[in-house]
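# Summary of the model geometry
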Amino acid sequence: MGFTCGIVGLPNVGKSTLFNAITAAGAEASNYPFCTIDPNVGVVTVPDVRINRLVEIYKPAKTIPTSLEFLDIAGLVKGASKGEGLGNQFLSHIRDVDAIAHVVRCFEDPNIVHVDGSIDPARDIEIVETELILKDLETVERKQLDAERSAKGGDEKAKAEAEMFVRLKGELSSGRLAHYFSTQSDEEKIWLRDAHLLTNKPVMYVCNVGEDEMGAETALVRKVRDIAAKEDAIVVIVSAAVEAEVAELLPEEREGFLSGLGLKESGLNKVIREGYDLLHLITFFTAGPKEVHAWTVKKGITVQQAAGAIHSDFEKGFIRAEIMKYSDLDRHGSEQVLRDKGLVYTEGKDYLTEDGDIVFIRFNV
C-alpha cells in the first residue's frame, strides 16, 4: 500500500463526487481492481509509467503496482467534536489515515446549495479545522493531566511531558494545527506522535472548481492559497465534475479528453503526486520474469529497511543489494546490457534507497 488518504470536507463541497470519480477512474486505468472494502473506502493503483516500461522489458508473469487507499470520511458538521452528526465515527476514521485531503468548495452553482448558504472557502476550512482542534484539545488536556499526576511523584520526564502538552494546548487554542507544532527534543517528538492527534496529519487542500475554471486562479482559489501559505500546506486544484466525466471514459479515451480541456493529467494523478511529496514517499521496484513489483517506502530509508518492506526475512538476513537505476535500464532496455557496462551496483546495508531504484536483495536466514 502506498498511503492512506482521508478525504474530508463539509457537505456539498464535492467530496463524495471526487471520491467516486477518482476511485472508479483508478480502477479502470489498470489491472489492479477497484476494491470496495467498505462503503467509504476505495483502493486505486498509483499510476507510474516506469512500471509499464519494466513490464515491457521483463515481460513478467505477474505485475503488482503500488496502490493508494482513499477514505471518504462522511458526517462532518458543526459540533462533530461533541458527537453531532456522525461525530465520533468521523473523527475515529481520521486517526487511521496518513494524510488528509481537505476538499474545499471553490465553485458557484445555484443548483447545489451550500450548507451555510454561501461560498466562502476560508469559513469552510475554519469549520473543519476547528472541529479537529476541539477534539485534539480534549486529548491533550487528558495527556497533560496524566503527566502532571506522574510528575507529582517526582518523575522529571513526566514533568517535561506535561510542560510540552501545556505549550501544545496553547498552540491549538490559537487555531494552529498540531502538525506544525515545534517539538524541542526527540522525547517530545515521541510524546506528540503517541498522542495520535487528528491535526497532526499532513494536509493538502483540494480546491474543487468549476469545469470552466480549471486553468484559472480564481478569487476563491486564492483564498485557499493564502491559508495554505500560512501553514506551508499543499494546494491542488481539481474539478470533481471533470473527474466524474473522465471516470466514465475508456482508458484510451482519457488522455485526449483531458488534452481537449488543456489538462496534462487527471485530478487523481495530482492528488497522488502531491500526496507522495507531502509524506516524503518514494517508489522502488523489484523486477524479473516472474514478477514486476512496485514498493512505496519513506524517503531516506536504507536498502536493508527497504528489504523489510518486501519480506521481514530479507531485512533480518540481509547480505547486500544489487541496484540498477531506472534511467539506465530505460535507456539501454536490458538488464544484461547494464551488467556488461558495469551499471549494476553492489551496495551494503547503509545505502539509502532512491526513487526509481530497481533492487535485488541477497540474503541468508
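See the structure printed just above.
Described below are features of the structure shown in this document. Computed from a predicted structure; not experimentally measured.

What follows is about the overall build of the chain. A count of helical and extended segments in the chain gives 14 helices and 13 strands. Looking at the chain as a whole, 50% of its 365 residues qualify as buried. Long-range contacts, defined as pairs at least 24 residues apart, comprise 69% of the intrachain contacts of the chain with a sequence gap of at least 6. About 17,600 Å² of surface is accessible on the chain, with carbon and sulfur atoms providing 49% of the total.

Tallied over the entire structure, the rule returns two aromatic pairs. Ring centres 4.3 Å apart and planes at 40° place the aromatic pair Phe-314 and Phe-363 in the tilted group. Within this pair, whereas Phe-314 is found in helix H12 (residues 312-316), its partner Phe-363 is found in strand S13 (residues 357-363), the two being separated by 49 residues in sequence. Here the basic side chain of Arg-105 rests over the ring of Phe-107, its NZ or CZ set 4.4 Å away from the ring centre.

What follows covers helix H10 (residues 267-278). The end-to-end C-alpha distance of H10, which contains twelve residues, comes to 16 Å, matching closely the 16 Å that a straight helix rising 1.5 Å per residue would cover. With respect to burial, H10 is a largely interior element, nine of its twelve residues being buried. Every buried residue of H10 is listed here: Gly-267, Leu-268, Lys-270, Val-271, Ile-272, Glu-274, Gly-275, Tyr-276 and Leu-278. Backbone geometry just after H10 places His-280 at a positive phi near 55°.

Further remarks concern the environment of Ala-287. Locating Ala-287 in the fold gives a position in strand S9 (residues 281-287). On the basis of relative accessible area, Ala-287 is assigned to the partly exposed category, the value being 24%. If we skip the residues at most four places from it in the chain, Ala-287 touches Tyr-58, Val-292 and Ile-358.

Moving on, we come to the nonpolar core. Phe-70, Leu-168 and Tyr-205 are the most contacted members of the largest nonpolar core, which totals 75 residues. Counting residues per element, this core draws most heavily on helix H4 (residues 121-151), at seven residues. Beyond its immediate sequence surroundings of up to four residues, Phe-70 is in contact with Cys-5, Ile-7, Phe-19, Ile-22, Thr-23, Asn-40, Val-41, Gly-42, Val-44, Leu-268 and Val-271.

Rules behind the numbers
- Residues numbered from 1 in each chain as written.
- Predicted model: local features only at pLDDT ≥ 70, side-chain atom pairs only at ≥ 80, totals over all residues.
- Heavy atoms only, no water.
- Helix = DSSP H or I, 4+ residues; strand = E, 2+ residues; numbered from the N terminus.
- Buried < 20%, exposed > 50% of the residue type's maximum accessible area, 1.4 Å probe, protein only.
- Contact = heavy atoms within 4.5 Å.
- Areas by Shrake-Rupley, 256 points an atom, 1.4 Å probe, with all protein chains shown as cover.
- Phe/Tyr/Trp six-rings, centres within 6.5 Å; stacked < 30°, edge-to-face > 60°.
- Lys NZ or Arg CZ within 6 Å of the ring centre and 35° of its normal.
- Expected span 1.5 Å × (residues − 1).
- Core = buried A, V, L, I, M, F, W, Y, C linked by side-chain atoms within 4.5 Å.

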